[in-house]
Amino acid sequence: MSAEKAPPPGQGALQTQIPAPGALVADVSRQDRVRVGEFRGVAGPYWMLRPAKGGAEWEVLPEYTRAATPAERLGARTARENARSRGEVA
C-alpha cells in the first residue's frame, strides 16, 4: 500500500489515537469496501486488525482507519455471534 494514497472521500473522521484492544475499527484503505475489525495492537507503523467473526489478522496504516459507525459495530457483533453459534469461534 502506498503511503501517498489518500483515504476514500466521505469516509468520516480518521483515527487520531491508538484504540483500546478489542475496539472495532473501520479500515477505509480500499476504494471498493470498508472492512471492520477488532484492534489487536501495533506492529511497527501498522495497526493489526482482526475480523470480529474470527480469521486472519491484517495490517493497515492508522491514517486509513476511523472509528466504526454504530451500524458497522452492530454488523460486526452480529457476524461474531452467528460464527459463535456455528462453533467457528469460542
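Residues numbered from 1 in each chain as written. Predicted model: local features only at pLDDT ≥ 70, side-chain atom pairs only at ≥ 80, totals over all residues. Heavy atoms only, no water.

> Could you give me a rundown of the side chain of Glu72, with the residues and numbers involved?
With respect to the secondary-structure elements, Glu72 resides in helix H1 (residues 70–85). A polar contact of 3.0 Å, which involves the side chain of Glu72, links it to the side chain of Arg66. A polar side-chain atom of Glu72 sits 2.9 Å from the main-chain amide nitrogen of Thr69. When neighbours within four sequence positions are excluded, Glu72 is seen to be in contact with Ala26, Val34, Val36, Arg66 and Ala67. (Helix = DSSP H or I, 4+ residues; strand = E, 2+ residues; numbered from the N terminus. Polar contact = N/O pair within 3.5 Å; in protein donor to acceptor, adjacent residues only side chain to side chain. Contact = heavy atoms within 4.5 Å.)

> If you had to explain the sheet that holds strand S2 (residues 35–43) to someone new, which residues and values would you point to?
Strand order in the open sheet made by the five strands is S4-S3-S2-S1-S5, with antiparallel pairing throughout. Each end of this open sheet is capped by a strand with a single partner; those strands are strand S4 (58–60) and strand S5 (65–67). The mean angle between the axes of side-by-side strands here comes to 50°, regardless of whether they run parallel or antiparallel. Pairing geometry for strand S1 (residues 24–27) and S2, over four bridges, is antiparallel. The residue bridging Ala26 from the neighbouring strand is Val36, located in S2. (Pairing = 2+ DSSP bridges. Axes fitted to C-alpha atoms, helices over the stretch in contact; angles between N-to-C directions.)

> For the pairing of S2, give the residues involved together with the corresponding values.
Across six bridges, S2 lies against strand S3 (residues 46–51) in antiparallel orientation. Each residue of the ladder has a partner; that of Ala43, found in S3, is Tyr46. Hairpin connection from S2 to S3: two residues lie between these consecutive antiparallel strands, with Gly44 at a positive phi of about 65°.

> Just give me the short version of the packing of aromatic side chains, but keep the residues and values in it.
One pass over the full model with this rule turns up one aromatic pair. Each ring, one from Phe39 and one from Trp47, has its centre 5.3 Å from the other, and the planes form 80°; the classification is edge-to-face. For the cation-ring pair, Arg35 lies above Trp58, with the distance from its terminal atom to the ring centre recorded as 3.7 Å. (Phe/Tyr/Trp six-rings, centres within 6.5 Å; stacked < 30°, edge-to-face > 60°. Lys NZ or Arg CZ within 6 Å of the ring centre and 35° of its normal.)

> Outline the confidence of the model for the protein chain, supporting the account with residue identities and numerical values.
In this model, the protein chain carries a mean pLDDT of 85, and residues with pLDDT of at least 70 account for 82%. At the level of individual helices and strands, the protein chain shows its lowest average pLDDT in H1, which scores 94, and its highest in S4, which scores 97. Contacts for the low-pLDDT stretch residues 1–12, under 50 throughout, to residues beyond four places or in other chains number 22 contacts. (pLDDT = per-residue confidence, 0-100.)

> Which residues make up the side chain of Thr65, and what values go with them?
Residue position: Thr65 is located in strand S5. Within the structure, Thr65 has its side chain in polar contact with the backbone oxygen of Pro62 (distance 2.7 Å).

> Which residues make up the pattern of salt bridges, and what are the values?
A complete count under the given rule lists seven salt bridges for this structure. Here Glu57 ties to Arg40 by a salt bridge, and the two come within 3.5 Å at their closest N and O atoms. One end of the pair, Glu57, is in the loop between S3 and S4; the other, Arg40, is in strand S2, and 17 residues separate them in sequence. Taken together, the shared-partner salt bridges connect Glu38, Arg40, Arg50 and Glu57 into one network. (Salt bridge = Lys/Arg side-chain N within 4 Å of Asp/Glu carboxyl O.)

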